[in-house]
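Listed below are the residues making up each chain.
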Amino acid sequence: MKVLRINEFFKKVGQAQVKYRWALLAIMFCFTVFGLAGLHKLKIEDQQENWFSDKETLKIATDRYEEIFGNEDVITVLVKSKNVFDSDVLHMIEDLGNAMMETVPFAKDVMSLTEVSVCKGTEDGMEVVKPFEDGIPDTSTAEGKAKMQEIKKFLLSRNALKNKLVSEDGTETWVILSLYQYGEEDDEARTGMYHAGRAAHKLLDEERWQSDKWTLLRAGSPITECEEQDVMMKELSKSLCGGFLAMVICLILFVRSLRGLIVPLFSTVGGIALVFGFMAWLNISCDQNMMTIPILLGMALSVGYSIHYINSFKMHFRLTGKRTESVVKSVEETGWPLLFTAVTTIASLVSFAFVDIGPLKWLGLTASSTVFVVFLYVIVLIPVLLSFGKDKSPAQFEKDVKVLKSDLAFESFGKGVLAHSKKIMIACIIIIAAFIPGIPKMYITLDYIQMMGIKIPYIARIDQLQKSQLGSVYSYRLLIEYPEVDEFKKPERMLALEQLENTLAGLSLTRKCNGAAKVKSVLDIVKETHQMLNGDKEEFYVIPENQDELTEELFLYEITGGERLYDYLNEDYNTVHVDVDLSNYDGTQITSNIAQAVQSARKLFPDAKVNAIGTVAEFAEMNGKIVRGELKSFAGSFIMIAILLILAFSSVGTGFIGMIPNVSPVIVLAGIMGYFGFQLDMMTMTIIPMILGIAVDDTIHFTNHVKYFYELTGNYYDAIVRTYKEIGKSMCMTTVIICAMFIVYATSIMNTMHRTGILSIIGLSTALLADYLLTPVLIYITKPFGKAERKA
């Protein structure tokens, strides 16, 4: 494919743009207004529920759980005090529970020390009592203190409560608010959750809950989702404002003209507004966690494309002084490489659409659409708007001698690279090889605390809760469902459940509180009821061996006022769930623990459906998805870009030569992630395919210009040196601009955004070095466009 012939086509495009510039401006203005008009309808949401499709097993099992047991969400408050059985603390707990029931939307019931129902043996059998039903004893009196000690002893004698609802040393206890279902539709559920979370926040922020006697640590999905949304919106605003400021500063520094500043800004804002406005018109929601990536990428690439056009225009305008001619010449020389760089970047970003993770599909389609639209804005508006104005005499440009000096500096740099081409090649091979052993050290984690970082106040609070006796940020549950009713009225099923609990208690990550495993199921109620009906003797804290006896005791618990039976067992007695709290987050161990848990449950309940559900189960599944997604997106990007390079240069050899400088920064980046412990998560997994798509831009510009000048001169040395002189500076400028965008990420208090910023800057800088050093050396050594016709 002859570059001269392609450039001739783009020359005609440039001439048409100048001829019909007013019509083009009118069309672009209409599109921009259309986009801006839709922005007020744009929805920004956390799309975590789209991690899994409706057809996936985990999503089906979660929906089934909510259908049977109700809303999975709860609002929790961990109360820490020197003595939670102090009457002042208990009055606060009681008042807080009542206030939550009154003010929090969808409030269903409260579980706390003041509301808990407990089995108690009587002469006639048993009864279910609330220890504080007749009031809270005043611990400031000797009588009240003695009575409180009796209640404390009684409550801590119950295995279902000790180290689960209240710590054995009496310093921690839970207040747990369960919620009704928000609604059947996803939008209703999201809105309901945020309403509940906001109301709980407002309540807990009131001064009456603040005291030196206690500390309250709030948690639960409605609480943390609201806090995460607030943090993400703040970071979103900061990133967009910072990115826009960085873009303006870079344009001022590099372009140094009012027209050169305003034109790219209008192209950038118009292009991004059109994409997101169109999404709003189509009622497509934005993912709050991923939204900044396509916007910052659109800003960076829009300015980068503009820089190439403007620098080319300025160079020819300095030489000729003829504005229209210079505009056409800039389109002729830069139109094809810019089109090709846009296509390869889009191809790289589209690869995310093939990843089986909803937010990444959204990112792939949105980012590729943004790149496409800002490219259209740039190729239409920049030449058109630059064409307005008067011609100048070349003598008027003598003050631009500094610009010429920078071009000559890059020319000298190119000569130095070619003079030491073999040494540079050997050094590059050694450096790249040194990073390869770091690649297997890369690890995946979706640890919420690590991803967000304890610089964020609510994450610091959650971290504190995780380190407490009772608190646990990470948990999963096993859902066990038989097709036939009354299966769990059979003692053998309960005994199997007990065996499963013992297995779960022995897994490496299962949390222990004062030696007791944090595994909860209906067994505590079954055993306590049997114990109460047998004189409250410890040896009767077992499962009844007779089915009639078990059925009768469960019925007796229910009719005597027991309220907790159906928290873990459905009314048809064919479905139970077992909840497991975890001591910490370890992606590999969690996946192994859950696999062992499910395997054990299926072995013990061979005729039942067994599934692991909950946030940690989702994270465990996501570990595998991230690995598969990273491989898919990288492989997809690599293959599509390689094919495009081969087609563009009509040569398999040239295509693969073009890929070497672009795979090199990927190897370096992956090695750095492995050596320095940068985790792979939902954000950082986007970096490698994205860097590959962006890095190839400079490779295309460089290779295309070398081929063009080779066709003119027939000499590789001259062609490469001239390429350094004409676009070396532009390559540096565009990389600096894109890095400036990611510096905004690097300043974030969120760990995952900070890491994404740092790694992106490293990757882009490495890619630029590869294009300055590897690309010209490879072309000079391999001579992919044919043998040199004339020697330098």
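The paragraphs below set out a description of the structure included in this document. None of the values given here were measured: they were computed from a predicted structure. (Residues numbered from 1 in each chain as written. Predicted model: local features only at pLDDT ≥ 70, side-chain atom pairs only at ≥ 80, totals over all residues. Heavy atoms only, no water.)

### Quick look at the overall build of the protein chain
Inclusion rule: Helix and strand assignments come from DSSP, with helices taken as H or I runs of at least 4 residues and strands as E runs of at least 2, each series counted from the N terminus. A simple rule labels every residue: compare its accessible area, found with a 1.4 Å probe on the protein chains alone, to the largest value its type can have, and call it buried under 20%, exposed over 50%, or partly exposed in between. By definition in these notes, contact holds between two residues if any of their heavy atoms fall within 4.5 Å. Per-residue and other accessible areas were derived by the Shrake-Rupley procedure at a 1.4 Å probe size, with only the shown protein chains allowed to occlude residues. Residues scored as positive are Lys and Arg, those scored as negative are Asp and Glu, and His as well as the terminal groups of each chain are ignored. Where a charge lies is defined by one atom per residue type, namely NZ (Lys), CZ (Arg), CG (Asp) and CD (Glu).
Counting secondary structure elements, the protein chain contains 25 helices and 14 strands. By its C-alpha atoms, the protein chain is 110 × 50 × 45 Å across when sized along the principal axes. In the protein chain, buried positions account for 58% of the 792 residues. For the protein chain, contacts bridging at least 24 residues in sequence account for 80% of all contacts bridging at least 6. When the accessible surface of the protein chain is totalled, it reaches about 33,100 Å², and 58% of it is carbon and sulfur. Averaging the positions of the 77 positive and the 92 negative side-chain charges in the protein chain gives two centres separated by 18 Å.

### Observations concerning helix H22 (residues 652-675)
Convention followed: In this analysis, the expected span of each helix is defined as 1.5 Å times one less than the number of residues it contains. A residue's bend is given by the angle between axes fitted to the 7 residues ending at it and the 7 residues starting at it.
With 24 residues, H22 should cover 34 Å at 1.5 Å per step; its first-to-last C-alpha distance of 34 Å lies within 8% of that length. At Pro 661, H22 shows its maximal bend, which comes to roughly 25°. Counting buried residues in H22 gives 18 out of 24 residues, a clear majority hidden from the surface. Gly 677, located one to two residues past H22, shows a positive phi value of around 70°.

### Notes on helix H8 (residues 258-281)
Under the 1.5 Å per step criterion, the end-to-end length of H8 is 34 Å for 24 residues, consistent within 8% with the ideal 34 Å. Asn 283 occupies a position one or two residues after H8 and carries a positive phi of about 60°.

### Some details on the sheet that holds strand S6 (residues 172-179)
Two pairing modes exist for strands in a sheet, parallel and antiparallel, and in both the strands are linked by backbone hydrogen bonds. How we decide: Two strands make a pair as long as DSSP finds a minimum of two bridges between them. Interaxial angles span 0 to 180 degrees and are taken between N-to-C directions of axes, which are lines fitted to C-alpha atoms, for helices over the stretch in contact.
Judged by pairing direction, the sheet is antiparallel, and its four strands sit side by side in the order S3-S6-S2-S7 without closing on themselves. Strand pairing shows two members of the sheet lacking a second neighbour, strand S3 (107-111) and strand S7 (214-219), which therefore form its edges. Strand-to-strand twist across the sheet, computed as the mean angle between neighbouring axes with direction ignored, equals 20°. One ladder, built from seven bridges, connects strand S2 (residues 74-81) with S6; its direction is antiparallel. Looking at the pairing, Val 74 lines up with Ser 178 of S6. Set on the sheet, helix H7 (residues 221-254) makes contact with S2, S6 and S7; between it and S2 the angle comes to about 95°.

### Section: the environment of Leu 523
The topology assignment puts Leu 523 in helix H17 (residues 523-532). Expressed as a C-alpha distance, the spacing of Leu 523 and Ala 767, which sit 244 residues apart in the sequence, is 60 Å. In contact with Leu 523, not counting residues within four places along its chain, are Met 494, Leu 497, Glu 498, Glu 501 and Ile 543.

### Quick word on the pairing of strand S14 (residues 609-613)
Judged by how many residues are buried, S14 sits mostly within the fold: four of five residues are covered. Pairing of strand S9 (residues 475-481) with S14 involves five bridges; the strand directions are antiparallel. In the strand pairing of S14, Glu 481 is matched with Lys 609.

### Details of the pairing of strand S5 (residues 125-129)
Most of S5 sits out of view: four of its five residues are buried. Relative to S5, strand S4 (residues 118-122) is paired through five bridges, and the arrangement is antiparallel. Along S5, the bridge assignment pairs Gly 121 with Met 126.

### Concerning the side chain of Asn 611
Tracing the backbone through its elements, the reader meets Asn 611 in strand S14. On the accessibility criterion, Asn 611 (18% relative accessible area) is buried. Dropping the residues within four chain positions of it, Asn 611 is found in contact with Thr 57, Ala 61, Arg 477, Leu 478, Leu 479 and Arg 602.

### What about the nonpolar core?
We apply this condition: Among the buried residues, those of types Ala, Val, Leu, Ile, Met, Phe, Trp, Tyr and Cys that are joined through side-chain atoms within 4.5 Å form a nonpolar core.
In terms of nonpolar packing, the biggest core is built from 169 residues, with Phe 276, Tyr 476, Leu 497 and Leu 504 touching the most fellow members. With 16 residues, the single largest contributor to this core is helix H11 (residues 358-386). Contact partners of Phe 276, with chain neighbours within four places excluded, come to Leu 39, Leu 42, Cys 286, Met 291, Pro 294, Ile 295, Trp 362, Thr 366 and Thr 370.

### So, the side chain of Lys 164
Where we set the bar: Throughout this description, a polar contact denotes any pair of N or O atoms lying within 3.5 Å of each other; where both atoms belong to protein, one of them has to be capable of donating a hydrogen while the other can accept it, and for residues adjacent in sequence the pair is counted only when both atoms sit in side chains.
The residue Lys 164 is located in the loop between helix H5 (142-156) and S6 in this model. Within polar-contact distance, the side chain of Lys 164 engages the backbone oxygen of Val 519 at 3.5 Å. A distance of 2.9 Å separates the side chain of Lys 164 from the side chain of Asp 524, its partner in a polar contact. Those residues within four positions of Lys 164 in sequence are excluded, and the remaining contacts are Asn 159, Trp 174, Leu 470, Ala 517, Lys 518, Val 519, Lys 520 and Asp 524.

### Considerations on the packing of aromatic side chains
The criterion, for reference: Aromatic contacts are taken between Phe, Tyr and Trp rings whose centres are within 6.5 Å, Trp giving its six-membered ring; a plane angle under 30 degrees counts as stacked, one over 60 as edge-to-face, and the others as tilted.
Evaluation of the coordinates by the stated rule reveals 27 aromatic pairs. Seen in terms of ring centroids, Phe 34 and Phe 278 are 6.2 Å apart; in terms of plane orientation they differ by 55°. Their pairing is tilted. Of this pair, Phe 34 sits in helix H2 (residues 21-38) while Phe 278 sits in helix H8; the two residues are 244 residues apart in sequence, bridging distant segments of the chain. Judged by relative accessible area, which is 34%, Phe 34 ranks as partly exposed. A relative accessible area of 41% places Phe 278 in the partly exposed class. With a centroid separation of 5.2 Å and 35° between ring planes, the pair formed by Tyr 65 and Phe 69 is classed as tilted. Of this pair, Tyr 65 and Phe 69 both sit in helix H3 (residues 57-69), four residues apart, which is roughly one turn of the helix. Each member of the pair, Tyr 65 as well as Phe 69, carries the same accessibility label: buried. One aromatic cluster is present, formed by Phe 410, Phe 413, Phe 702, Tyr 724 and Tyr 772 through successive ring pairs.

### Examining the pattern of salt bridges
As a reminder, the rule being used: Whenever Lys or Arg places a side-chain nitrogen within 4 Å of a carboxyl oxygen from Asp or Glu, that contact is recorded as a salt bridge.
In total, this model carries 26 salt bridges according to the counting rule given. A salt bridge links Lys 489 to Asp 486, with the shortest nitrogen-to-oxygen separation between them at 3.4 Å. Take Lys 489: its relative accessible area is 18%, and that puts it in the buried class. For Glu 711, the salt bridge identified is with Lys 707, shortest N-O distance 3.0 Å. In this pair, Glu 711 and Lys 707 both sit in helix H23 (residues 687-713), four residues apart, roughly one turn of the helix. With a relative accessible area of 9%, Lys 707 lands in the buried category. Among the charged side chains, a salt-bridge network with shared partners connects Arg 64, Glu 67 and Glu 481.

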